[in-house]
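Summary of the model geometry
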Amino acid sequence: MNFASLFELKRMAFRSLARHKAKTILTCAAIMVSVAVYIFMDSWIAGMERESRRNIINYELGAAKLQTKMYFAKKDEMPAYETFQDWETYRDILDESGYHAAPRYVFSGTLYSATGSAPILFNAVDPTAEKRMMAYTGYVELGRFIREGEFAVALGAMTAEKLKAGIPTRPAAPELEEILASELLSAADGDFIRSCYEASETKAAGENLAEGGELRFILKRNLPTGDFDRLWGLMDAIGRNDVRISTVIDLKALPDSIRWDKWVGELWPELTGWEQALLGKLYELDEEEQLYFFTGGGEDEKAAALEAMIRAGFSGAIRHTNQVIDVKVVGMVNSPDPANNFNVGYLPLDILQDEAGMMLEGQVTELLIRDKKMGAADMTSPLENPKTIRAALERGLARRSQTLPSELDVFFWMDYMEDYLGYEAMESGSSRIFSYLLFFLAFFGISNTMLLAILERTKEIGMMRALGMTTGQLYFTFMIEAGLLGILGAALGVLLGCLINIPMVKYGIDFSGMLEELGGNIGYRVAGNFRGAWKLSTIIGSIPVAAVISSLMAFFPIRGAAKKEITSSLRFE
């Protein structure tokens, strides 16, 4: 085909679209809606993923962590006994290298209030370092953040509500009346507390009931700061903020003796050859008592033996001590990351150092690390690569004539979130599959449109073929016509999708009410306001992809027309 004939075939395709306006409009509308929905869904998924990852970094983990390799290997078990010392030295080196660093001791326990209990993940932190580095500290909704030296805890807001600690934000009538009935409150205090609440909006005409038929009140959010402080003080005065932590102190130590059955059945099979040789040197069997007794050894040998037992998962190498710590709730955290709002508590690290706390003696489980130049709205920078951070630590230690202990290493935030990232990929994949199905259903409409167009123009096609149109020209004409339908529909879809997406990206949609009903967790690390994100690859790629798919969808109807005999086409009615 020469250029003139190609041009004429294109004109024929354009004229066909104009002649069949109704089919053209309906098909373009279907493609437009599908492309617009696909752009919207893809933007929403991308926004959820980006916001979740940003929240994980800035509200939960930092960009990287310095921890023992053994802790990382057992991170799902949260081995609180896997600690390290001299974190101040590493913090100072990182500070010199342009990083923020925040120490933490992470442990689990049960928190008891006057009305109930809940399992809690506790983070013992340096309040100053946390405020400098972690964004959640700016979202203490009621009360304040913890301070050094005080036996206090800041709780996730949802857990505080569940345990009836701190200021109640949505109390049912009996709960509020119970507070007002306290003998520790004066009449003026009671009137003040009542003035801080208003009845919830009615669910239906003539109703103003919470679940179970109880009237519910809502804390006024426009109260002056002084009123919030006074209200918090009154809750504290009646003992609402007094809670107790029950936990277990886990300490690593070589056992003085090991029962023969545990040695043979639990420990020995899990050891490597050199570990077996080492423990065989340090322990001796008393056949009469059926016990292996520790006979002594050098400090390096004892440390290596203890590490071997821990690696093998031998329970006898961990000593457990029950501990109870009385603390006071001083604040309620309600951040954009739901992980901070549920079953999480923050304690001052310094109160856990001696027997009154967790007997840490200066040890921590991790050192959170973040580039000083990165803000709460940022993802990670190249400087936050674990290899780069480790190199900075090694250079700093070399200047001090020290080396990084072999048991320590730097781990990236993604190393900790493999399960979440797998969930994220599954969720985004299922959402995109739905979008793809919608996308392709619209293009099947093109196949149907082309089939109808070919059937209606069978005699015309037969006449064109009789006048010399080749099979190739026939394919070209109709595939160009289908491609034009795809381009036109996709262009309109991109325009519509972008218009829909503008408020989604700028403002988002607040789903906090729905999340509260769902328990506050939908898998993504987003607490309520979901925003989209512009994906130029999707927007730009939609039009050529639509054109190609549309052309391909026209292939089979055309093939049927091309196979029909010319004489049969001319006789078609």
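Refer to the structure printed above.
I will try to describe carefully the structure that is included in this document. (Residues numbered from 1 in each chain as written. Predicted model: local features only at pLDDT ≥ 70, side-chain atom pairs only at ≥ 80, totals over all residues. Heavy atoms only, no water.)

1. A look at the sheet that holds strand β9 (residues 257-259)
- Spatial strand order, β9-β11-β10: three strands in an open sheet with antiparallel pairing. Two strands in the sheet have a free side with no partner beyond their single neighbour: β9 and β10 (283-286). Strand-to-strand twist across the sheet, computed as the mean angle between neighbouring axes with direction ignored, equals 25°.
- Both β10 and strand β11 (residues 291-294) contribute to a ladder of four bridges, which runs antiparallel. Residue pairing across strands places Asp286 opposite Leu291, the latter belonging to β11.
- The strands touched by helix α10 (residues 260-267) within the sheet are β9, β10 and β11, with β9 carrying the most contacts at an inclination of about 75°. (Pairing = 2+ DSSP bridges. Helix = DSSP H or I, 4+ residues; strand = E, 2+ residues; numbered from the N terminus. Axes fitted to C-alpha atoms, helices over the stretch in contact; angles between N-to-C directions. Contact = heavy atoms within 4.5 Å.)

2. A short note on the packing of helix α11 (residues 273-282) against helix α12 (residues 299-311)
- Running from amino to carboxyl end, α11 crosses α12 at an angle of 125°, the nearest separation of the two axes being 10 Å. The pairing of α11 with α12 is recorded here as oblique in orientation. As for the relative orientation of α11 and α12, their crossing is left-handed in sense. Along its contact with α11, which presents Trp274, Glu275, Leu278, Leu279, Lys281 and Leu282, the element α12 presents Glu301, Lys302, Ala304, Ala305, Ala308, Met309 and Arg311. (Parallel < 35°, antiparallel > 145°, perpendicular 65-115°, else oblique. Left-handed = near helix turned anticlockwise from the far one by under 90°.)

3. Here's the deal with the packing of aromatic side chains
- One pass over the structure, following the stated rule, counts 16 aromatic pairs.
- On the basis of an interplanar angle of 55° and a centroid distance of 6.2 Å, the ring pair of Phe412 and Trp413 is categorised as tilted.
- Judged by relative accessible area, which is 3%, Trp413 ranks as buried.
- Taken together, Trp263, Trp268, Tyr283, Tyr292 and Phe294 form an aromatic cluster joined through their ring pairs.
- The positively charged end of Lys65 is found above the aromatic ring belonging to Tyr416, 4.4 Å away from the centroid.
- Taking NZ or CZ as reference, Lys75 lies 4.2 Å from the ring centre of Phe72, over its face. (Phe/Tyr/Trp six-rings, centres within 6.5 Å; stacked < 30°, edge-to-face > 60°. Buried < 20%, exposed > 50% of the residue type's maximum accessible area, 1.4 Å probe, protein only. Lys NZ or Arg CZ within 6 Å of the ring centre and 35° of its normal.)

4. Notes on the nonpolar core
- In this structure, Ile193 and Leu352 are the most contacted members of the largest nonpolar core, which totals 65 residues.
- Among all residues touching Leu352, those that are not within four sequence positions of it are Tyr105, Phe107, Ala124, Ile325, Leu347, Gly357, Met358, Met359 and Leu360.
- With 21 residues, the next largest nonpolar core counts Trp263, Leu267, Leu282 and Leu306 among its residues. (Core = buried A, V, L, I, M, F, W, Y, C linked by side-chain atoms within 4.5 Å.)

5. Examining the pairing of β11
- Bridge count for β9 against β11 is three bridges, and the pairing is antiparallel. Counterpart to Ser257 in the pairing with β11 is Phe293.
- Linkage of β10 to β11, two consecutive antiparallel strands, is achieved through a turn of four residues, within which Gln290 is found at a positive phi near 55°.

6. Points about unusual backbone geometry
- Even without glycine at this site, Asn343 takes up a positive phi of about 50°.
- Secondary-structure assignment places Asn343 in the loop between β12 (318-333) and β13 (344-348).
- Unlike most non-glycine residues, Glu361 shows phi in positive territory, near 55°.
- You can see Glu361 is positioned in the loop between β13 and β14 (366-371).
- Note on Glu361: relative accessible area 63%, which makes it exposed.

Function cannot be inferred from these measures alone, as they are strictly geometric.
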